[in-house]
Amino acid sequence: MPNFCAAPNCTRKSTQSDLAFFRFPRDPERCRIWVENCRRADLEAKTSDQLNKHYRLCAKHFEPAMVCKTSPYRTVLKDTAIPTIFDLTSHLRNPHTRHRKRIKELTEEDIRKIKERRLASSIEQLVSKKDAAVEDSTSTNEDEPQLSTEEREFREYLRSLFEVVVMLGKQSIPLVANKASEAEYKSNNFQALLDYRMNAGDEALRKRFAATAVNTEYISAAQLSQLLDVCENTVREEMLMEQNVLREELLDFMPFDGDESALVERLEAQLTERWGLSMEDCRGQAHRAIGTSTTKMKAVAVLLMEKYPLALHMPCSHMALNLHLANSLPFPNVQVVMETLRRIGAFFRTPLTQDELENAICTHYQKTEEKVTALKQSCGSGWTEQHNVFDVLLDLLPALLLCMDNIRDNDGGRFADAVRADAYSLSRILADFEIIVTIVLLKNVLTFTRAFGRNLQGETLDVFFAANSLTAVLHSLNEVSDNIDVYHEFWYEEAASAASVMEIPVTVPRLFLRKQRTAEMDEIQAEAYFKEYVTVPVVRGVIQEVEDMFSETNLKALKCLSLVPAVMGQMKFNTTEENYADVYCNDLPNPDTLPAELHCWRIKWKHRGKEVRLPATIHETLQLPDVKFFPNVNAFLKVLSTLPVLKLEGNKSDTVSERLQAYLDSMPAKQWNKSLVLLNINTHVKHDLDVMVDKYCRLYSEEDPEAEAEFEEAAEEDAVMK
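These numbers were taken from a predicted model, which means no experiment stands behind them.

1. Remarks on the packing of aromatic side chains
Now for step 1: Inspection of the entire model under this criterion finds 20 aromatic pairs.
Now for step 2: Centroid distance Phe22 to Phe62: 5.7 Å. Interplanar angle 85°. Geometry classified as edge-to-face. Taken together, the positions of Phe22 in strand 1 (residues 21-23) and Phe62 in the loop between strand 2 (56-58) and strand 3 (67-71) put the pair 40 residues apart, joining distant regions of the chain.
Now for step 3: Residue classification places Phe62 among the buried residues on the basis of a relative accessible area of 2%.
Now for step 4: Summarising the aromatic geometry, the rings of Tyr157 and Phe209 are spaced 5.8 Å apart at their centres and angled 70° between planes, so their arrangement reads as edge-to-face. Of this pair, Tyr157 sits in helix 4 (residues 149-170) while Phe209 sits in helix 6 (residues 203-209), and the two are 52 residues apart along the sequence.

Spelled out as structure tokens, the structure:
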């Protein structure tokens, strides 16, 4: 009778393979670990004797070092062998098949136990490698190998180092102090904190550095880089271990050089080879880019969708759609406006400059108190990131220019020279008629997408109605394009009127006039120039961006939000999700039964009791105990919840991008360190120092001067290149 492998997604049997097959161990503890690693929930209730008698694992699930061939005819396992190599994801790519060997989803408690066992196993490997374990069979447990005195001291020393590194990351402290002179750089923050810990009584550090001269570095640049790398990887692995938790995380940084194809290859390698993820499982992508990098990121997104059609390219949930559309337009005048907006947002972050702006508003609009109150409310914190930012910017323009002039005059000497220089630079940009025309144009064109964008950032019901309103939005934009002469005339008059209030001359850009004279072209009037080179390209660009961003596939996905009971109720339970289900049919466990299941799902909520409230979000719906009886609906909702256009439900804390921006704003660019940034942004992730110590011991020997010298030489070469 053949032996079948008990591992999930493994179809090997002894009659079809020369592989060795091994019985489950009779020892209950080892047998339990085998079952846990297999992730077979159906085996947990069986005894070790039953498993030993009836179940086998093939050699493919063990590290090669665990398998010993004692003769050409006999293969055995080491006494401590544990299966660790399993395929736990391939069934997701073929959901139509029936799976007899169901894979268990890990709970937080399961993950904690696995980590503890891995740590204990790693200690065993360290002891074996150094060949210095002290075994006391009478007083110690066999599963807790003893370390030598030197090894314990070394681990305590490493623990202290990792504590300092983690604190640097959490508290946004750079490795090197921002000193003026080169000599002062030699005493860095890491060294200073080690001194402080030794003075405070850290015995592990004292023993290590007692005889070290006070004017020399305690650890080399190579060792510090190793510590940072271990910290970074440990935090990342902790995040990747979490399952069934929808969240936004910062996992790593990637270089942005090279062409789009190279970027795609680099991203795929990072995701699959380093992190063990599969792009086949990706169901959405979004990007936030500025300037020329926007075009490059759009090309990357297109290439990814060509390879992985279900990695739908959508707008980011925490960025206003109008800002995303404007950022995506590749026209220099639009990009100048967007960069100026970012600079204005940063300029007025301080109370002093914000007060000056509010004083300028009061001065300019002193006769209209309602206008003053409205503008003061509109230009509060974060106004440059709102859906109506171009409306507010146009209303604020006169007051902004007055504010910049007052800061440049600097009566009372309140402003630093750098602030005055920024004010002068911004006022020069804002006083350009081409910029005023561009602001007026963006305000008016993006009025048609403002409500649509707000709904996309709203509740589930709002997003569903937004998806169904896109046709009307595109109809309005195309009507503008068809009647561009009429619309341009109104918008040009509005721009000229605004310029007149601020005493800004109506002119054609100097660069265009110079090119016109060089080419001996007929003189062009300002209104005709701005229609041909500004209005028409922007209107067409916005239409194209909306069509690309909300393709037929994207809309089908969003219309499936009618699966949420509250949305279904608003539609009087007259919904047709099955018409759009083909987008994710391969993600459903039983797509053939979907129509019948959807019918039952509608009936369930339509005939609910009066006291039963309809769940309003995907998250609420997935928490229902009986959703498991609707496996297709359950799978459908889980996929929909990952779409980047949908906001994270119940997420009241700052987003990762906000925390990252706050870190970068607070730190000079030359002091940025990617490992410390990762620690700082992910302070919510548990930083397990013992795991870091263990990982370091596995990866690096205590003393390896040759490797260290090579690393330092490479680091110096890299610094020269930079």
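Next comes the rest of the account.
2. A look at the confidence of the model for the chain
Now for step 1: Of all residues in the chain, 84% attain a pLDDT of 70 or more, and the chain-wide mean is 84.
Now for step 2: Below pLDDT 50 for its whole length, residues 129-144 participates in 12 contacts with residues either more than four positions away or in separate chains.
Now for step 3: Long-range and interchain partners of residues 703-722, a stretch whose pLDDT sits below 50, account for nine contacts in this model, where long-range means more than four residues apart.

3. Structural notes on the environment of Leu624
Now for step 1: Structurally, Leu624 is set in the loop between helix 25 (618-622) and helix 26 (631-640).
Now for step 2: According to the relative accessible area criterion, Leu624 is partly exposed, its value standing at 22%.
Now for step 3: Apart from the residues lying within four places of it in its own chain, the contact partners of Leu624 are Trp605 and Pro615.

4. Observations regarding the pattern of salt bridges
Now for step 1: Applying the stated criterion across every chain yields a total of 35 salt bridges.
Now for step 2: For Glu578, the salt bridge is made with Arg602, and the minimal N-O distance between the two is 2.6 Å. Of this pair, Glu578 sits in the loop between helix 23 (565-570) and helix 24 (594-606) while Arg602 is found in helix 24, placing the two residues 24 residues apart along the sequence.
Now for step 3: Residue class for Glu578 comes out partly exposed when judged on its relative accessible area of 33%.
Now for step 4: Exposure remark for Arg602: the relative accessible area of 11% places this residue in the buried category.
Now for step 5: Each of the salt bridges in this network shares a partner with another, and the network as a whole consists of Glu232, Arg236, Asp252, Arg274 and Lys674.

5. What to know about the packing of helix 4 against helix 28 (residues 674-681)
Now for step 1: Direction vectors running N to C along helix 4 and helix 28 enclose 70°, while the axes themselves pass 7 Å from each other. Of the possible angle classes, the one that applies to helix 4 and helix 28 is roughly perpendicular. On helix 28, the residues touching Val165, Val166, Leu168, Gly169 and Lys170 of helix 4 are Leu676, Leu679 and Asn680.
Now for step 2: Split into classes, the residues belonging to the contact of helix 4 with helix 28 amount to five nonpolar, two polar and one charged.

6. Remarks on the packing of helix 18 (residues 460-482) against helix 19 (residues 484-501)
Now for step 1: Relative orientation of the contacting elements helix 18 and helix 19 amounts to 90°, with a least axis distance of 5 Å. One way to sum up the angle between helix 18 and helix 19 is to call them roughly perpendicular. Contact residues: Glu479, Val480, Ser481 and Asp482 in helix 18; Ile484, Tyr487 and Trp491 in helix 19.
Now for step 2: A class-by-class count of the residues in the contact of helix 18 with helix 19 yields four nonpolar, one polar and two charged.

7. Comments concerning the environment of Met279
Now for step 1: Mapped onto the elements of the fold, Met279 is located in the loop between helix 8 (260-274) and helix 9 (293-307).
Now for step 2: A relative accessible area of 9% places Met279 in the buried class.
Now for step 3: A sequence separation of 11 residues divides Met279 from Glu268, and the C-alpha atoms of the two residues are 7.3 Å apart.
Now for step 4: Other than its neighbours up to four places away in sequence, Met279 contacts Glu268, Leu271, Thr272, Leu304 and Tyr308.

Here is what the cut-offs are and how they apply
- Residues numbered from 1 in each chain as written.
- Predicted model: local features only at pLDDT ≥ 70, side-chain atom pairs only at ≥ 80, totals over all residues.
- Heavy atoms only, no water.
- Phe/Tyr/Trp six-rings, centres within 6.5 Å; stacked < 30°, edge-to-face > 60°.
- Helix = DSSP H or I, 4+ residues; strand = E, 2+ residues; numbered from the N terminus.
- Buried < 20%, exposed > 50% of the residue type's maximum accessible area, 1.4 Å probe, protein only.
- pLDDT = per-residue confidence, 0-100.
- Contact = heavy atoms within 4.5 Å.
- Salt bridge = Lys/Arg side-chain N within 4 Å of Asp/Glu carboxyl O.
- Axes fitted to C-alpha atoms, helices over the stretch in contact; angles between N-to-C directions.
- Parallel < 35°, antiparallel > 145°, perpendicular 65-115°, else oblique.
- Nonpolar A, V, L, I, M, F, W, Y, C, P; charged D, E, K, R; others polar.

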